[in-house]
Number of protein chains: 2
Amino acid sequence: MYTIEQLREIIKGELDKQEYIEIPYSLFEPIKYIMEDGGKRLRPVLTLMAYNLYRDDIQKALKSAIGIEIFHNYTLLHDDVMDDAELRRGRMTVHKKWNSNVAILSGDAAAITAYKYIETCEDAYLRNVIDGFNQVAMDVCKGQQYDMEFETREEVSEEEYIHMIYLKTSVLIAGSMRHGALIAGAPKKEYDALYDFGGYLGLVFQLQDDYLDVYGDVEEFGKKIGGDILCNKKTYLLIKAFELAGEEDRALLKQWMTKGHFDPEEKIREVTAIYDRVGVKEAVMAKIDDYLEKSRIALEEIEVPAERKVRFQEMIAYIGGRKK
Amino acid sequence: MYTIEQLREIIKGELDKQEYIEIPYSLFEPIKYIMEDGGKRLRPVLTLMAYNLYRDDIQKALKSAIGIEIFHNYTLLHDDVMDDAELRRGRMTVHKKWNSNVAILSGDAAAITAYKYIETCEDAYLRNVIDGFNQVAMDVCKGQQYDMEFETREEVSEEEYIHMIYLKTSVLIAGSMRHGALIAGAPKKEYDALYDFGGYLGLVFQLQDDYLDVYGDVEEFGKKIGGDILCNKKTYLLIKAFELAGEEDRALLKQWMTKGHFDPEEKIREVTAIYDRVGVKEAVMAKIDDYLEKSRIALEEIEVPAERKVRFQEMIAYIGGRKK
């Protein structure tokens, strides 16, 4: 069995070949640019991990796993245009380096490339692969739609928020795992359980991002603390704070959100103080623990020998540790 | 066998059901908006015509044919953003009525919907259907890329132009026909011939659009004459004019293209006069006849009884007649 690090190296080696590049180069250069930009390659690694639960010939799943990474990068290309983002992992976004037309069209080409790669599986699994991938791709679109709508909405409920991040982030994590199991020939009960497992892990991951923005250790987290607070981002913490706060704290929170001029340090400190007062920290930690537990239960449904599940146990432990 | 008009009505009836609409409505409303906007439904009609060459149970191919129409509308959604077009068939474009983010994301959702619809075929054909559709979709992207690049390029050769319109327009016409034959279970030789047939017809269609913009009858053509000339659009006629013209006419053509202020009527009259002088009219008519002849030869490759090919013969006659 492969370690996560080994799988990541195999993915990286395959991506380095840049076999997805076609003519005209101008259409594929932006895809190459965003793809070579690194990242953890989490999704294709998960596909290979899931495949590796059942089979050792992971080379057979490699191209299909790469397709998932290409799909992920297609969503980044278009999301960056829609969010008008300047930077992605410290580098200029494609629509800033070139222009939005380039990001739209190269994104479209990336999506089709993703389909081409993902469908490289045995014929017997093709129908399920395409059905599954269509569902995942559509859910990601829907998640992005809700995300954009929530930005301009006055109130978003906890349930709506969880549904949005589930669609936008978790479904692709879930789909990556299901895909690996599917093309390994796992039975439906198993690949469905892996989908659930991935869905919960994805929620944990996103909630931790929200949590770490406020309560993370700057050095460990690697991002500036409080960024979400400064731009009034509707995170789980903010939504929960409005739900839990009394009238006074709610008014105070609204005040901080509508202030045009403020001292950033002060805003972060004061909003965090409200979060602390109303019990947001405990609420988000409880939610994370809840989903971690649900992911453990889903993993138990997988009927492979315990030693083959070691990597997934490690992953739960690693992700679980992120919040400390 | 169905007539073209019958097939169009069947397509329209199916589209009227709007079964492609999902939740959230906001994501699908722009798709509904552009889809209900009519048009000739040429591509899905071609799919059903091709299917109907071999089989009469066209209901079985209907959903898959609708997928081709949805795909076509996805390309329109994104193209209109990239071209910053204001109007489409007399109505506001989606990115003008809403905004570009809406057009991008609803376009993405339309592309995925297209995949979902197109794959509704018997399992035995699924691999070929997906492969074929991926190739077509990618070619359309490449065509759009070349089209955008040519706009800012000084010189475009006849060969490059034909290649561009082939990718951008003809491949989807070709793919629509191949798709119908494929899901009807036609042998490879036959669906390949239909692909060739459609490719040539697509070229005829696009070259006629270029031709009719200058030499069309206003009332019959339904568009204003000379629009391409006024905006210096690199059409087959303009490219051919530069190729055929002597030094003097070439200089004159360049002069008209770089003039900031001019009388529109005069520009159209003068550029048309150059076209006439250098033999552009004959060149484009010869090219159209050449592709029409090639399409006839491709159609002969189809080994179904002659009476089943009647609709396609009618189509060649109809399209051939467009240039008069």
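Refer to the structure presented above.
The rules behind each value
- Residues numbered from 1 in each chain as written.
- Chains lettered and ligands numbered in written order.
- Predicted model: local features only at pLDDT ≥ 70, side-chain atom pairs only at ≥ 80, totals over all residues.
- Heavy atoms only, no water.
- Helix = DSSP H or I, 4+ residues; strand = E, 2+ residues; numbered from the N terminus.
- Rg over C-alpha atoms; globule rule 2.2 N^0.38 Å.
- Buried < 20%, exposed > 50% of the residue type's maximum accessible area, 1.4 Å probe, protein only.
- Contact = heavy atoms within 4.5 Å.
- Areas by Shrake-Rupley, 256 points an atom, 1.4 Å probe, with all protein chains shown as cover.
- Lys, Arg positive; Asp, Glu negative; His and termini not counted.
- Charge placed at Lys NZ, Arg CZ, Asp CG, Glu CD.
- Least-squares fit on C-alpha atoms with pLDDT ≥ 70 in both.
- Buried area = accessible area lost by both parts, 1.4 Å probe.
- Salt bridge = Lys/Arg side-chain N within 4 Å of Asp/Glu carboxyl O.
- Polar contact = N/O pair within 3.5 Å; in protein donor to acceptor, adjacent residues only side chain to side chain.
- Nonpolar A, V, L, I, M, F, W, Y, C, P; charged D, E, K, R; others polar.
- Axes fitted to C-alpha atoms, helices over the stretch in contact; angles between N-to-C directions.
- Parallel < 35°, antiparallel > 145°, perpendicular 65-115°, else oblique.
- Left-handed = near helix turned anticlockwise from the far one by under 90°.
- Phe/Tyr/Trp six-rings, centres within 6.5 Å; stacked < 30°, edge-to-face > 60°.
- Patch = residues over 30% accessible without salt bridge, like charges linked within 9 Å, V, L, I, M, F, W, Y side chains within 5 Å.
- Core = buried A, V, L, I, M, F, W, Y, C linked by side-chain atoms within 4.5 Å.

1. Concerning the overall build of chain A
Counting secondary structure elements, chain A contains 16 helices and 2 strands. Here the C-alpha radius of gyration of chain A, 20 Å, is about what a compact globule of 324 residues would show, namely 20 Å. Its C-alpha atoms give chain A principal-axis dimensions of about 60 × 50 × 35 Å. Burial statistics for chain A: of 324 residues in total, 59% are counted as buried. Restricting the contact set of chain A to residue pairs at least 6 apart, pairs at least 24 apart contribute 74%. Of the roughly 13,900 Å² of accessible surface on chain A, 50% is carried by carbon and sulfur atoms. Separation of charge centres in chain A, based on 44 positive and 59 negative side chains, amounts to 2 Å.

2. Considering the environment of Glu151(B)
Along the chain, the position of Glu151(B) falls in helix H7 (residues 123-151). Sequence-wise, Glu151(B) and Lys233(B) are 82 residues apart; in three dimensions their C-alpha atoms are separated by 7.8 Å.

3. Section: the side chain of Arg308(B)
All names here are of chain B. Residue placement: Arg 308 occurs in the loop between helix H15 (280-300) and helix H16 (310-321). Judged by relative accessible area, Arg 308 falls into the buried class, the value being 19%. Discounting residues that sit within four places of it in the chain, Arg 308 has contacts with Met 1, Asn 52, Leu 53, Tyr 54, Arg 55 and Asp 56.

4. A look at the relation of the copies chain B and chain A
Each copy superposes on the other: chain B lies on chain A with an RMSD of 0.1 Å after a rotation of 180° and an axial shift of 0.0 Å. A rotation of that kind, with that shift, is consistent with a two-fold axis. Of all interface residues in chain B, 100% are interface residues in chain A too; the two copies therefore contact each other through one and the same surface.

5. Side note on the interface of chain B and chain A
At the interface, 37 residues of chain B touch 37 residues of chain A. Counting each side, the surface lost to burial between chain B and chain A is near 3,500 Å², with a carbon and sulfur contribution of 62%. Taken together, the connections running from chain B to chain A amount to 6 salt bridges. At the junction of chain B with chain A, the criterion picks out 22 residue pairs in polar contact (both at pLDDT 80 or more). Elements represented by at least two residues in the side of chain B that touches chain A include exactly helix H2 (25-35), helix H4 (59-83), helix H6 (100-118) and H7 of chain B. Of the residues forming the side of chain B that touches chain A, the biggest block, 15 residues, is contributed by H7(B). Counted by class, the side of chain B that touches chain A contains 20 nonpolar, 7 polar and 10 charged residues.

6. Some remarks on the packing of helix H4 (residues 59-83) of chain A against H6(B)
Describing two packed helices takes the angle between their axes plus the distance from one axis to the other. Running from amino to carboxyl end, H4(A) crosses H6(B) at an angle of 160°, the nearest separation of the two axes being 9 Å. With respect to each other, H4(A) and H6(B) are oriented roughly antiparallel. Like other packed secondary-structure pairs, H4(A) and H6(B) cross with a definite hand, here left-handed. Taking contact as the criterion, the partners of Tyr74(A), His78(A), Val81(A) and Met82(A) in H4(A) are, on H6(B), Asn101(B), Ile104(B), Leu105(B) and Asp108(B). Looking at the contact of H4(A) with H6(B) residue by residue, the classes come out as 5 nonpolar, 2 polar and 1 charged.

7. A word on H2(B)
Of all the 11 residues making up H2(B), 8 are buried; the element is thus mostly covered by neighbouring parts of the structure. When H2(B) is considered as a whole, its buried residues turn out to be Leu27(B), Phe28(B), Pro30(B), Ile31(B), Lys32(B), Tyr33(B), Ile34(B) and Met35(B). On the buried face of H2(B), the contacting elements are helix H7 (123-151) of chain A together with helix H1 (4-16), H4, strand S2 (91-92), helix H5 (94-97) and H6 of chain B.

8. A look at the packing of aromatic side chains
What the rule picks out here adds up to 19 aromatic pairs over all chains. Between the aromatic rings of Phe197(A) and Phe312(A), the centroid separation amounts to 5.5 Å while the plane-to-plane angle is 80°, which identifies the pairing as edge-to-face. Here Phe312(A) lies in helix H16 (residues 310-321) and Phe197(A) lies in helix H9 (residues 188-215), a separation of 115 residues in the sequence. For the pair formed by Phe197(A) and Phe312(A), the shared burial category is buried. Where Tyr115(B) meets Phe133(B), the ring centres are 4.8 Å apart and the plane angle is 80°; that geometry is what we call edge-to-face. Here Tyr115(B), found in helix H6, pairs with Phe133(B), found in helix H7; they are 18 residues apart in sequence, far enough to count as distant.

9. So, a negative patch on the surface
A cluster of acidic residues, Asp263(B), Glu265(B), Glu266(B) and Glu270(B), forms a negative patch on the protein surface. Position of Asp263(B) relative to the elements: it lies in the loop between helix H13 (247-258) and helix H14 (264-278).

10. Looking at the packing of H9(A) against helix H15 (residues 280-300) of chain A
Residue and element names in this part refer to chain A. Direction vectors running N to C along H9 and H15 enclose 160°, while the axes themselves pass 8 Å from each other. Comparing their axes, H15 and H9 come out roughly antiparallel. As for how H9 packs across H15, the hand of that crossing is left-handed. Of the residues in H15, those touching H9 at Ala 193, Asp 196, Phe 197, Tyr 200, Leu 201, Leu 203, Val 204, Leu 207, Gln 208, Tyr 211 and Tyr 215 are Lys 281, Val 284, Met 285, Lys 287, Ile 288, Tyr 291, Leu 292, Lys 294, Ser 295, Ala 298 and Leu 299. Taken together, the residues that form the contact of H9 with H15 break down as 16 nonpolar, 2 polar and 4 charged.

11. Observations regarding the nonpolar core
One recurring pattern in soluble globular proteins is that nonpolar side chains are buried together. In this structure, Tyr275(A) and Tyr275(B) are the most contacted members of the largest nonpolar core, which totals 231 residues. Ignoring any residue separated from it by four or fewer positions in sequence, one finds Tyr275(B) in contact with Val214(B), Tyr215(B), Ile229(B), Leu237(B), Leu238(B), Ala241(B), Leu253(B), Val280(B) and Lys281(B).

12. Considerations on the pattern of salt bridges
Counted under the stated rule, the structure contains 55 salt bridges over all chains. In this structure, Glu22(A) engages Lys142(B) in a salt bridge whose closest nitrogen and oxygen atoms are separated by 2.6 Å. Pair noted here: Glu22(A) is in the loop between helix H1 (4-16) and helix H2 (25-35) and Lys142(B) is in helix H7, and the two residues belong to different chains. Taking relative accessible area as the criterion, Lys142(B) reaches 12% and is therefore assigned buried. With its nearest N and O atoms 3.9 Å apart, the salt bridge here joins Glu36(B) to Lys32(B). Taking relative accessible area as the criterion, Glu36(B) reaches 44% and is therefore assigned partly exposed. Counted as one network, the salt bridges with shared partners bring together Arg55(A), Asp57(A), Lys60(A) and Glu122(A).

These results come straight from atomic positions and should not be treated as a statement about function.
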